[in-house]
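Analysis of the macromolecular model
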Amino acid sequence: MMFSESENEERPPAISDLTRPRHATQQTAIGPTRSCGSLEKHELFFLVLTILGLLATLGLTIYRLASVDNDTADFTFALVLIINTVACLIFVVHGLMRERPYEVAIFIIADVILLIYCIVNYAENPNGINPTEHYVKLVRLILVVVFSVIAVPLAVYILVSFYQSRNLIFRTVGANAELQDMCDLTFFNEALLRLDFQLELSMVVLVMNKGTNLNIEDIVVLSVGTVFVLCWAILGYLSMRFENKVLVIIFLLLWWCEPAYIIYKMVDVAQMLHDAEGDSTLVPAAAIACGIAACLVHSLVLMVTWKVWSNFGNGLKEKVYGQPGTGDIRYVVEEETGS
């Protein structure tokens, strides 16, 4: 990527920018991405550790899913664990390969959520009838605890490093500080969309307090709700990538649907929690906690998207995705006239 003289005058390149190999990033369909050879040793160790640990957790959870009755709370917990384990894998790979500090931060949050789900799931009938199932839950819990103790501190170190250096953002949009902030905000919104989808999907599954023992209303909500949250997240991403104001308006107009459903189900689950006793309270309690977190993240998506919308037309998509510009592209024009 070429940088103009006016950009270099704004901020001299750091030593890390001069010493990093030029092939450290490559343009892909989703934007600039690091090559595998550019990963530092601690980053490569973190990547291998997380992939192996999460795949082992995923394998034990799938085994658990296949071995329990599909009309039990254990079945529901197994589905939620699979969702969050896959989400952790996506966050760590995407966060490392694209130097996204926010996605590394969300991986830490997702890992903590995964740990909490494992603890709650183990607490659900810990002395069950089947000793093998109890042993699988215990092994999975120990694996997640050991993994978290090692991975979370290393993830924090990588997070701080990415956030302070902004190397990939610098190589993507240049030294213009204002354009860097716009790019950083857009990346933050993309990470929020992924976290929002993860929480919404977990909420949809958690309302299945008794596994697949659902009525017609639950089946319709599950099928339609899953498709809706996926399409809404994709719509949000496409609206930012192409800086399309029409897509943003549709995205914002549909924002209220998910909070409305979550609040409705939280009231329903709260009544269920009030009437429940003993271990049967764990799934409703988890559903309420997940619903509160989903509403908070969903509200944050609304505020950040509104701010990202105001940055449209400043040449960001041309820098990040190499797309032809439309409308007012002030920063691109400034760079061309300054070169």
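Everything below is about the structure shown above.
These notes cover the structure that comes with them. (Residues numbered from 1 in each chain as written. Predicted model: local features only at pLDDT ≥ 70, side-chain atom pairs only at ≥ 80, totals over all residues. Heavy atoms only, no water.)

Next up on the list: the packing of aromatic side chains. The full count for this structure, using the stated rule, is five aromatic pairs. Judged by centre distance (6.4 Å) and plane angle (80°), the ring pair of Tyr102 and Tyr163 falls under edge-to-face. Highlighted residues: Tyr102 in helix H5 (residues 101–123) and Tyr163 in helix H6 (residues 131–165), separated in sequence by 61 residues. Tyr102 gets classed as buried once you look at its relative accessible area, which sits at 19%. Between Trp232 and Phe251 the ring centres are 4.1 Å apart and the planes differ by 20°, which places this aromatic pair in the stacked class. (Phe/Tyr/Trp six-rings, centres within 6.5 Å; stacked < 30°, edge-to-face > 60°. Helix = DSSP H or I, 4+ residues; strand = E, 2+ residues; numbered from the N terminus. Buried < 20%, exposed > 50% of the residue type's maximum accessible area, 1.4 Å probe, protein only.)

The tally for this structure, following the rule as stated, stands at nine salt bridges. Residues Arg194 and Glu103 are paired through a salt bridge, measuring 2.5 Å at the closest nitrogen-oxygen approach. Here Glu103 lies in helix H5 and Arg194 lies in helix H8 (residues 177–206), a separation of 91 residues in the sequence. Residue Arg194 is classed as partly exposed on the basis of its relative accessible area of 24%. Between Asp184 and Arg166 there is a salt bridge, with the nearest N and O atoms lying 3.5 Å from each other. Taken together, the residues Asp184 in helix H8 and Arg166 in the loop between H6 and helix H7 (167–173) connect sequence positions 18 residues apart. Connected through shared salt-bridge partners, Arg34, Glu43, Glu99 and Arg171 make up one network. (Salt bridge = Lys/Arg side-chain N within 4 Å of Asp/Glu carboxyl O.)

To continue, consider the nonpolar core. Within the largest apolar cluster, 72 residues are counted, with the highest numbers of intra-cluster contacts made by Phe46, Phe107, Tyr117 and Leu206. Non-local contacts of Leu206, meaning those with residues more than four positions away in its chain, are made with Thr76, Val80, Tyr117, Val283, Ala286, Ala287 and Cys290. Counting residues in each nonpolar core, the second largest holds 10 residues, with Ile169, Leu179, Cys183 and Leu316 among its members. (Core = buried A, V, L, I, M, F, W, Y, C linked by side-chain atoms within 4.5 Å. Contact = heavy atoms within 4.5 Å.)

Contact pair H8 / helix H12 (residues 282–310): the axes reach a minimum separation of 8 Å and the direction vectors enclose 155°. By the angle class used here, H8 and H12 are roughly antiparallel. When the axes of H8 and H12 are compared, the crossing they make is left-handed. Its residues assigned to classes, the contact of H8 with H12 shows 19 nonpolar, six polar and three charged. (Axes fitted to C-alpha atoms, helices over the stretch in contact; angles between N-to-C directions. Parallel < 35°, antiparallel > 145°, perpendicular 65-115°, else oblique. Left-handed = near helix turned anticlockwise from the far one by under 90°. Nonpolar A, V, L, I, M, F, W, Y, C, P; charged D, E, K, R; others polar.)

What follows concerns unusual backbone geometry. With phi around 50°, Glu99 is a residue other than glycine that occupies positive phi space. Phi is positive for Arg166, which is not a glycine, with a value near 55°.

Let us look at the packing of helix H3 (residues 41–67) against helix H4 (residues 73–97). Contact geometry of H3 with H4 gives a least axis separation of 9 Å together with a crossing angle of 165°. Considering the angle they form, H3 stands roughly antiparallel to H4. Helix-helix and strand crossings are classified by hand; for H3 and H4 the assignment is left-handed. Grouping the constituent residues of the contact of H3 with H4 by class yields 19 nonpolar, four polar and three charged.

What follows concerns the state of the cysteines. Under the counting rule described, the total for this entry stands at zero disulfides. Not engaged in a disulfide, the cysteine Cys290 finds its nearest cysteine sulfur in Cys295; these two sulfurs lie 9.7 Å apart. Here Cys290 falls in the buried class, since its relative accessible area comes to 5%. (Disulfide = S-S within 2.5 Å.)

Moving on, we come to helix H9 (residues 216–241). The first and last C-alpha atoms of H9 sit 38 Å apart over 26 residues, in line with the 38 Å expected at 1.5 Å per residue. At the C-terminal side of H9, Glu243 shows a positive phi close to 50°. (Expected span 1.5 Å × (residues − 1).)

Mapped onto the secondary structure, Cys290 falls in helix H12. Once residues lying within four places of it in the same chain are set aside, the contact partners of Cys290 are Tyr117, Leu199, Ser202, Met203 and Leu206.

We now examine the environment of Val152. Secondary-structure assignment places Val152 in helix H6. Along the primary structure Val152 and Phe107 are separated by 45 residues, whereas in three dimensions their C-alpha atoms are 8.8 Å apart. Residue contacts for Val152: discarding those within four places in its chain leaves Ile108, Asp111 and Phe147.

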